[in-house]
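Analysis of the macromolecular model
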Amino acid sequence: MNFSSDLAGFVDRPIPEMLHCFLLDASARVINISSLPLQDKEKEPVVVITQMQVKGLMFDPYNNAYIVVLRDEEHSDMLPIWVGKSEAGAISMSLENVTPPRPMTHDFMKSFLDAYNAKVISVVITDLSEHTYFAKIHLMYEDSEYTVDARPSDAIALALRSNAPVFANDSVITKQSSEELEQWLENLKPEDFGKLDS
Amino acid sequence: MSAVDPPKEQDLVEYRVDRILEEANTDTRIVVLARQDGALDTFPIWVGAAEGNAIKLALDTMITPRPMSHDLIKSFAEHLNITIQHVVIADVKSSTYYAMVHVASKGVERAIDARPSDAISLALRAPCPIYITQDVLKRRSTTNLDAWLAKLESKDIGTPEVQET
């Protein structure tokens, strides 16, 4: 967790818009707006989410950190998420189908849920606020659904191990592209891409 | 994971996390467990830097702005009404310790295989007792540990970096 001060802002910040997050959460699983009854459209803020594929990890040499690259299926939208080295390692192991000799933290996390047949239905990157990403993990347990606040890195690492889909709130994707990160990513050279050293 | 018998109290010795030491030359940490009853015995476990930092955060009762991985596991337990009862360092094979996290929900008990670092990290957050079996205590390597630890004690690591600003 040796981030430069530049990167620190991307990772952990207090929650200044708790209420906003909560509202998003209430309808974060709604994908098809047209299927909503009219009164629901009027009552709740409409949140459109898009399924994203975890395309890979890049090393960010400027911040000495890693970037998880999410893209939508049409490859028209990209969502880069900065994570620490150990978080990147947890995601990388799943992407590369590496089975460690002992359960890593997210393998244990999955065992923990499996022990009582709790299932990860989906994870949603819900918000970007002050350079911090927020995610929700949706669980199904004994016919009830639970929504748990998480860092995107934990949510993605768990989703990959649970074969659960990863979604991103469209407002996050829009905000992201407006922050000139795409341009920054385009300027990255091929040699900046690579496997983790851990 | 499997259904388990209730722990046999005579087989288990309770320990607490005494401190986290930094291994100077490698990117590892040493979690030093000490007897909960005050008897003089320390039980060191080598863990990775990230794992050591996760334990250190809990040991120092640091509240991070966003939930760390083990906070998330605790959050799952709270949401699903699963009680984390205790963790046991239950085996040692080829210099690797094996732990079990004992959980219960509505009278159904399970023991989940874990690395000791994950088990301890979770135990501090739950909070719940940390046990070592008599068997593991007998079979651990004891060569020169005390002298080696004494040498390291002056290098107690500080608070790990947390992004707060």
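Keep in mind that this is a model prediction, so the values were computed, not measured.

A separate point is the overall build of chain A. Looking only at helices and strands, chain A has 8 helices and 7 strands in total. The proportion of buried residues among the 198 residues of chain A is 39%. Taking all contacts inside chain A whose residues are at least 6 apart in sequence as the whole, residues at least 24 apart take part in 56%.

This part covers the environment of Gly48(B). Residue and element names in this part refer to chain B. Looking at the secondary structure, you find Gly48 in strand 3 (residues 42-48). Note on Gly48: 18 C-beta atoms within 10 Å, which makes it partly exposed. Between the C-alpha atoms of Gly48 and Thr28, which are 20 residues apart in sequence, the distance is 4.5 Å.

Looking now at the sheet that holds strand 4 (residues 119-129) of chain A. Residue and element names in this part refer to chain A. Taken in spatial order, the 7 strands make up an open sheet running 3-2-1-7-4-5-6, and their pairing is mixed. Each edge of the open sheet carries a strand with a single partner, namely strand 3 (78-83) and strand 6 (144-150). Pairwise comparison of adjacent strand axes, ignoring direction, gives a mean angle of 35° for this sheet. Strand direction decides the pairing type here: strand 1 (residues 49-60) and strand 2 (residues 65-72), joined by 8 bridges, are antiparallel.

Attention now goes to helix 5 (residues 105-114) of chain A. Among the 10 residues in helix 5 of chain A, 7 count as buried, and that is most of the element. Within helix 5 of chain A, burial applies to Thr105(A), His106(A), Asp107(A), Phe108(A), Met109(A), Phe112(A) and Leu113(A).

Once that is clear, we can look at the sheet that holds strand 4 (residues 83-93) of chain B. Residue and element names in this part refer to chain B. Pairing within the open sheet is mixed, and its 7 strands lie in the order 3-2-1-7-4-5-6. In this open sheet, the two edge strands, each paired with only one partner strand, are strand 3 and strand 6 (108-114). Here the strands of the sheet are splayed against their neighbours by 35° on average, with no regard to which way each runs. Two strands pair when backbone bridges link them, and strand 4 and strand 7 (residues 130-133) are joined in this way by 3 bridges, in the parallel orientation. Directly across from Val87, in strand 7, lies its bridge partner Ile130.

Take the pairing of strand 6 of chain A next. Residues and elements named next belong to chain A. Two strands pair when backbone bridges link them, and strand 5 (residues 132-141) and strand 6 are joined in this way by 7 bridges, in the antiparallel orientation. Pairing of Tyr141 across the sheet is with Ser144, part of strand 6. Hairpin connection from strand 5 to strand 6: 2 residues lie between these consecutive antiparallel strands, with Glu142 at a positive phi of about 50°.

Of all hydrophobic cores here, the largest spans 89 residues; its most connected members are Val87(B), Ala99(B) and Val101(B). No other element matches helix 6 (residues 152-162) of chain A, which puts 6 residues into this core. Not counting residues up to four positions away in its chain, the partners in contact with Val87(B) are Ala99(B), Met100(B), Val101(B), His102(B), Ala119(B), Ile120(B), Leu122(B), Ala123(B), Cys128(B) and Ile130(B).

Moving on to the confidence of the model for chain B. Residues and elements named next belong to chain B. For chain B, per-residue confidence averages 86 on the pLDDT scale, and residues scoring 70 or more make up 79% of the total. For residues 156-165, every residue scores under 50 in pLDDT, and the model assigns this stretch 21 contacts once sequence neighbours within four places are set aside. For this predicted complex, the interface score ipTM comes out at 0.83, while the overall pTM is 0.77.

Here we come to helix 3 (residues 116-125) of chain B. Of all 10 residues that make up helix 3 of chain B, 10 are buried, and the element is covered over most of its length. Buried within helix 3 of chain B we find Pro116(B), Ser117(B), Asp118(B), Ala119(B), Ile120(B), Ser121(B), Leu122(B), Ala123(B), Leu124(B) and Arg125(B).

Residues and elements named next belong to chain B. Side-chain alternation along strand 3 places Phe43, Ile45 and Val47 on a buried face and Thr42, Pro44, Trp46 and Gly48 on a face that remains uncovered. By the bridge criterion, 7 bridges tie strand 2 (residues 28-35) to strand 3 in an arrangement that is antiparallel. From the neighbouring strand, Arg29 faces strand 3, where its bridge partner is Val47. Where strand 2 folds back on strand 3, the antiparallel hairpin that results is connected by 6 residues, among which Gly38 adopts a positive phi of roughly 90°.

As a further point, take unusual backbone geometry. Cis geometry is found at the peptide bond from Ala126(B) to Pro127(B), where omega equals -20°. Within the secondary structure layout, Pro127(B) lies in the loop between helix 3 and strand 7.

All names here are of chain B. Packing of helix 1 (residues 49-59) against helix 3 leaves a shortest axis separation of 9 Å and a crossing angle of 15°. By the angle between their axes, helix 1 is roughly parallel relative to helix 3. Every pair of crossing elements has a handedness; the one defined by helix 1 and helix 3 is left-handed. Residue-level inspection shows Glu51, Ala54, Ile55, Ala58 and Leu59 of helix 1 in contact with helix 3, the latter providing Ser117, Ile120, Ser121, Leu124 and Arg125. Classifying every residue of the contact of helix 1 with helix 3 by side-chain character gives 6 nonpolar, 2 polar and 2 charged.

Calculation notes
- Residues numbered from 1 in each chain as written.
- Chains lettered and ligands numbered in written order.
- Predicted model: local features only at pLDDT ≥ 70, side-chain atom pairs only at ≥ 80, totals over all residues.
- Helix = DSSP H or I, 4+ residues; strand = E, 2+ residues; numbered from the N terminus.
- Buried ≥ 20, exposed ≤ 12 C-beta atoms within 10 Å, placed from the backbone.
- Contact = placed C-beta atoms within 7 Å.
- Pairing = 2+ DSSP bridges.
- Axes fitted to C-alpha atoms, helices over the stretch in contact; angles between N-to-C directions.
- Core = buried A, V, L, I, M, F, W, Y, C linked by C-beta atoms within 7 Å.
- pLDDT = per-residue confidence, 0-100.
- Parallel < 35°, antiparallel > 145°, perpendicular 65-115°, else oblique.
- Left-handed = near helix turned anticlockwise from the far one by under 90°.
- Nonpolar A, V, L, I, M, F, W, Y, C, P; charged D, E, K, R; others polar.

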